[in-house]
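Chain residues, written in single-letter form:
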Amino acid sequence: MFFAIAILSAFLVTFVLLPVVIKVTKSIKLLDLPDKRKVHMEGTPSMGGIAIFLGFMMAVLITLPASDLVSNKYLFSAISLIFFLGIRDDISSLIAHQKLITQIFAATLVVFLADIRLTGFYDVAGIDALPFGLEYLLSVCVIVTMTNSFNLIDGIDGLAASLGIIILLFFSWIFFTVNAMDLALISFAVSGSLLAFLIYNWHPSRIFMGDTGSMILGFLISTMAIKVINVSDGLAINSLIHIQSSVALVIACLIVPFYDTLRVFTIRFMQGRSPFSPDRNHIHHSFLKLGFNHAQATLILALYNISMIALAVILNSMFGNSLLLLILFGTTLVFGSFVDHLVSKRRMLGATAKLEASKTMAISKSA
């Protein structure tokens, strides 16, 4: 009952607020304007994260018992901090290190005060326990990295919201299974807000979530991911599904933003540029270059994400974290390389066609 109330109330509040946000941002000309690296063609409101935040927070206040609100106060405080950071960045862009400092502080709040942290290395690469203090540092780094990964993946209509819904609904199932009802309700509530937002953000988009929305989403998912790793490690869902590789399972959920971040950072590093310098080398841009529209590219990447989760669930009881991670990363690397090959081939065909056209024009002029 409470799950239905959570997702419905979050959906309704967000759905009702979004037209207001669109109208207000247009009236004060607070728009995301197109430029050479962006894929939209006209100024678009970009503060949809306000409605997402207010929608899920209202749902949480309605459905969570007072004791759970108190026990999660540091998580909500950190998310609120990220919310105000996002608004500030959407109104007037901050430089990278200013955002990074605030993100680190918010991550530190949940790691040290809410005790949302990785408790070891979970036998990845044969490493289990970590030296004292390193698990805290690792946890902060994971939260900050995934927060920015969702900020980076939010490049085409519907993609970040679709991935967020897929990931959070899966997390909700895990939390429900282990009776962590407060975390399940929070995940459900955010899913409800994202569903409402997706109606307005599906191609052609009427509003973007902006840094406000993408950073909130990335921060919340990264903290929930750490909780999923801890609560599901060694969990027997039923006679067929036994989670012995919780890290690999969570990475499967995050595989698209995780791979995309590694991809663009590697490209920028090889080109001698800052890893935070914007470009159009993201995996979703590759699909646009292949001729797919926003909706098609979003559906392909969402389906790929679902397939990786399904693969991880099926193989989880057979392999440890290290081997399953190799399978997931290997599969994704092949997938990404194949897409890059198609883009390169299409570019070469386009260049050949232009060359042939120029030769034809030269012949006709001489004739």
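Shown above is the structure to which this text applies.
Values in this document were obtained by computation on a predicted structure and should not be read as measured data.

Caption draft 1: Fine view of the overall build of the protein chain. The helix and strand inventory of the protein chain stands at 14 helices and two strands. Relative to the compact-globule value of 21 Å for 367 residues, the protein chain shows a C-alpha radius of gyration of 22 Å, a close match. Judged by the C-alpha coordinates and their principal axes, the protein chain covers about 85 × 55 × 40 Å. Buried residues in the protein chain amount to 51% of all 367 residues. Contacts spanning at least 24 positions in sequence make up 74% of the contacts within the protein chain whose residues lie at least 6 apart.

Caption draft 2: Examining the nonpolar core more closely. Core analysis: the biggest nonpolar cluster contains 112 residues, and Phe56, Phe150, Phe171, Leu194 and Phe219 have the highest contact counts within it. Residues in contact with Phe56, not counting those within four places in the same chain, are Ala10, Ile79, Ala189, Val190, Ser193 and Ile216.

Caption draft 3: Local environment of the environment of Leu220. Mapped onto the elements of the fold, Leu220 is located in helix H9 (residues 210–232). Residue class for Leu220 comes out buried when judged on its relative accessible area of 1%. Spatially, the C-alpha atom of Leu220 lies 42 Å from that of Met348, the residues being 128 residues apart in sequence. Setting aside chain neighbours within four positions, we find Leu220 in contact with Ile79, Ile186 and Val190.

Caption draft 4: Quick look at the packing of aromatic side chains. Per the stated rule, a full pass over the model turns up 13 aromatic pairs. Measuring from centroid to centroid gives 5.7 Å for Phe258 and Phe329, while their planes differ by 40 degrees, and the two rings are tilted. Of the two residues, Phe258 is situated in helix H11 (residues 255–270) and Phe329 in helix H14 (residues 321–366); the sequence distance between them amounts to 71 residues. Three or more aromatic residues joined by ring pairs form one cluster here, namely Phe53, Phe56, Phe83 and Phe84.

Caption draft 5: Fine view of the packing of helix H4 (residues 73–91) against helix H5 (residues 96–113). Contact geometry of H4 with H5 gives a least axis separation of 8 Å together with a crossing angle of 170 degrees. Looking at the two axes, H4 sits roughly antiparallel to H5. Residues Tyr74, Leu75, Ala78, Leu81, Ile82, Leu85 and Asp89 of H4 form the contact with H5, whose own contacting residues are Lys99, Thr102, Gln103, Phe105, Ala106, Leu109, Val110 and Leu113. Its residues assigned to classes, the contact of H4 with H5 shows eleven nonpolar, two polar and two charged.

Caption draft 6: Quick peek at unusual backbone geometry. Omega for the bond connecting His203 with Pro204 falls within 30 degrees of zero, at -5 degrees, which places this linkage in the cis form. Looking at the element boundaries, Pro204 is found in the loop between helix H8 (181–201) and H9. Backbone geometry places Asp115, a non-glycine residue, at a positive phi of 55 degrees. Relative to the elements of secondary structure, Asp115 occurs in the loop between H5 and helix H6 (134–153). Exposure remark for Asp115: the relative accessible area of 43% places this residue in the partly exposed category. Positive phi outside glycine occurs at Tyr122, with the angle close to 55 degrees.

Caption draft 7: The arrangement of the packing of helix H2 (residues 49–63) against H9 in detail. For the pair H2 and H9, the least separation of the axes is 7 Å and the interaxial angle reads 45 degrees. The orientation of H2 relative to H9 falls into the category oblique. Along its contact with H2, which presents Gly49, Ile50, Phe53 and Phe56, the element H9 presents Thr212, Gly213 and Ile216. Class assignment of the residues belonging to the contact of H2 with H9 gives a composition of four nonpolar, three polar and no charged.

Caption draft 8: Representation of a nonpolar patch on the surface. A cluster of nonpolar side chains, Phe15, Val16 and Ile199, forms an exposed patch at the surface whose accessible area comes to about 250 Å². For Val16, the position within the fold is in helix H1 (residues 2–27). By relative accessible area, which is 56% here, Val16 ends up exposed.

Caption draft 9: Structural context of the environment of Leu94. Summarising the element assignment, Leu94 is placed in the loop between H4 and H5. Overall, the relative accessible area of 16% leaves Leu94 in the buried class. Excluding residues that lie within four positions of it along the chain, Leu94 makes contacts with Leu85, Arg88, Asp89 and Lys99.

The rules we used
Residues numbered from 1 in each chain as written. Predicted model: local features only at pLDDT ≥ 70, side-chain atom pairs only at ≥ 80, totals over all residues. Heavy atoms only, no water. Helix = DSSP H or I, 4+ residues; strand = E, 2+ residues; numbered from the N terminus. Rg over C-alpha atoms; globule rule 2.2 N^0.38 Å. Buried < 20%, exposed > 50% of the residue type's maximum accessible area, 1.4 Å probe, protein only. Contact = heavy atoms within 4.5 Å. Core = buried A, V, L, I, M, F, W, Y, C linked by side-chain atoms within 4.5 Å. Phe/Tyr/Trp six-rings, centres within 6.5 Å; stacked < 30°, edge-to-face > 60°. Axes fitted to C-alpha atoms, helices over the stretch in contact; angles between N-to-C directions. Parallel < 35°, antiparallel > 145°, perpendicular 65-115°, else oblique. Nonpolar A, V, L, I, M, F, W, Y, C, P; charged D, E, K, R; others polar. Patch = residues over 30% accessible without salt bridge, like charges linked within 9 Å, V, L, I, M, F, W, Y side chains within 5 Å. Areas by Shrake-Rupley, 256 points an atom, 1.4 Å probe, with all protein chains shown as cover. Salt bridge = Lys/Arg side-chain N within 4 Å of Asp/Glu carboxyl O.

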